[in-house]
Amino acid sequence: MDRSAEFRRWKAQCLSKADLSRKGSVDEDVVEIVQLLNAQEQFFTTSSCAGRILLLDGGINGLGVQKQNCCWLLVTHIPCIKDDVMVALKKANGDAVFKFEPFVLHVQCQQLQDAQMLHSVAIDSGFRNSGITVGKRGKTMLAVRSTHGLEVPLSHKGKLMVTEEYIDFLLNIANQKMEENKKRIERFYNCLQLALEREKITNSHTQKEKNNPFCTPKKKRHPEKTHGKCIPEENDKEPENDDDNDPGINAAIFPKDY
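Residues numbered from 1 in each chain as written. Predicted model: local features only at pLDDT ≥ 70, side-chain atom pairs only at ≥ 80, totals over all residues. Heavy atoms only, no water.

As recorded in an unreviewed UniProt entry, the protein goes by the name tRNA wybutosine-synthesizing protein 3 homolog, listed as coming from Sciurus carolinensis. The UniProt entry for the protein carries the following text under Sequence similarities (unreviewed entry): "Belongs to the TYW3 family." Entered under Catalytic activity (unreviewed entry) in the UniProt record, the comment concerning the protein runs "4-demethyl-7-[(3S)-3-amino-3-carboxypropyl]wyosine(37) in tRNA(Phe) + S-adenosyl-L-methionine = 7-[(3S)-3-amino-3-carboxypropyl]wyosine(37) in tRNA(Phe) + S-adenosyl-L-homocysteine + H(+)". (UniProt positions renumbered as here; feature names shortened; annotations may be inferred.)

Right, here's the structure in full:
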């Protein structure tokens, strides 16, 4: 099957499936991003989360909390207050863990160059843990991720191990991370719009040159200037230290049945 036709088939199948997430719909803060990507012939989204604050009650075997094998005591996609956490903690019987999970988005791309463009948009928007994965069947996936998550244990065997003052302190940090996360989402959307418009203009010029063999493009006097490139804000810094300033591109191979 032609690669383009196969990609269209994958896209149609994915977008026709029911949303199996707990919420059952796309988070409000990322609806515009998802709609914009799915409107492009070279992209489609496979999963997304705008970011959330969680309180999970795991087992008491000390093996850590796995979301698929635990009780969700609290989940919110907006800033949280201490009273909600304290009420939820009363229901904990095992090891309760407080978490903040930032925005995550998975996009299947038609070609590697499409994924590279989207990867640049993600990096410029502050999502420095983003990466590209290429599978054996030719599936090219772009994951938009950042590193400013938070995970802290609060109770053990149902017994609260920290003070209310410390919980209040954690909430302030989590809510600040939530606000920063929302700013990055908005920046990602704006950068994505700009990148798609720039690509559209470039493709249009390329097509004109192909149709007119006597047309010779003019040389740029200042090639070092990046017109239309989304430049990160000067004050946009990660809350934590990154191990590597150059995120690069992650390449992995899926199993044969992927």
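*Asks:* I would appreciate a short explanation of the overall build of the protein in the present structure.
*Replies:* Helix and strand content of the protein: five helices and ten strands. Considering the protein as a whole, with its 258 residues, one finds that 39% of them fall into the buried category. Looking at the protein alone, contacts between residues at least 24 apart form 75% of all its contacts between residues at least 6 apart. By element, 50% of the accessible surface of the protein is carried by carbon and sulfur atoms, the whole surface being about 16,000 Å². (Helix = DSSP H or I, 4+ residues; strand = E, 2+ residues; numbered from the N terminus. Buried < 20%, exposed > 50% of the residue type's maximum accessible area, 1.4 Å probe, protein only. Contact = heavy atoms within 4.5 Å. Areas by Shrake-Rupley, 256 points an atom, 1.4 Å probe, with all protein chains shown as cover.)

*Asks:* What's the story with the nonpolar core in this structure? I'm lost.
*Replies:* Core analysis: the biggest nonpolar cluster contains 27 residues, and L37, F43, L105, L118, V144, F188 and L192 have the highest contact counts within it. Mapped by element, the contributors of at least two residues to this core are α2 (31-38), β5 (104-109), α4 (112-124), β7 (140-144) and α5 (164-211). When residues of this core are assigned to their parent elements, the largest contribution, seven residues, is made by α5. Membership of the second largest hydrophobic core comes to 21 residues, among which are L55, C80, A92 and A96. (Core = buried A, V, L, I, M, F, W, Y, C linked by side-chain atoms within 4.5 Å.)

*Asks:* How should the pairing of strand β2 (residues 52-58) be read in this particular structure?
*Replies:* Each regular strand carries side chains that alternate between the two faces of the sheet. With respect to burial, β2 is a largely interior element, seven of its seven residues being buried. Covered by surrounding structure in β2 are R52, L54, L56 and G58 together with I53, L55 and D57, the residues of both alternating faces. By the bridge criterion, seven bridges tie β2 to strand β4 (residues 95-101) in an arrangement that is antiparallel. Paired with I53 across the strands is F100, a residue of β4. (Pairing = 2+ DSSP bridges.)

*Asks:* What exactly am I supposed to notice about the sheet that holds strand β1 (residues 43-49) here?
*Replies:* Remark on secondary structure: sheet strands pair via backbone hydrogen bonds, oriented parallel or antiparallel. Overall, antiparallel pairing links the four strands, which are arranged β1-β5-β7-β6 in an open sheet. A strand with exactly one partner marks an edge of an open sheet, and here the two such strands are β1 and β6 (131-134). Within the sheet, the average angular offset between the axes of one strand and its neighbour, ignoring direction, is 20 degrees. Note: β5 against β7, five bridges, orientation antiparallel. Within β7, the residue paired with C109 across the bridge is T140. With respect to the sheet, helix α1 (residues 3-16) is in contact with β1 and β5, its orientation differing from that of β1 by roughly 35 degrees. (Axes fitted to C-alpha atoms, helices over the stretch in contact; angles between N-to-C directions.)

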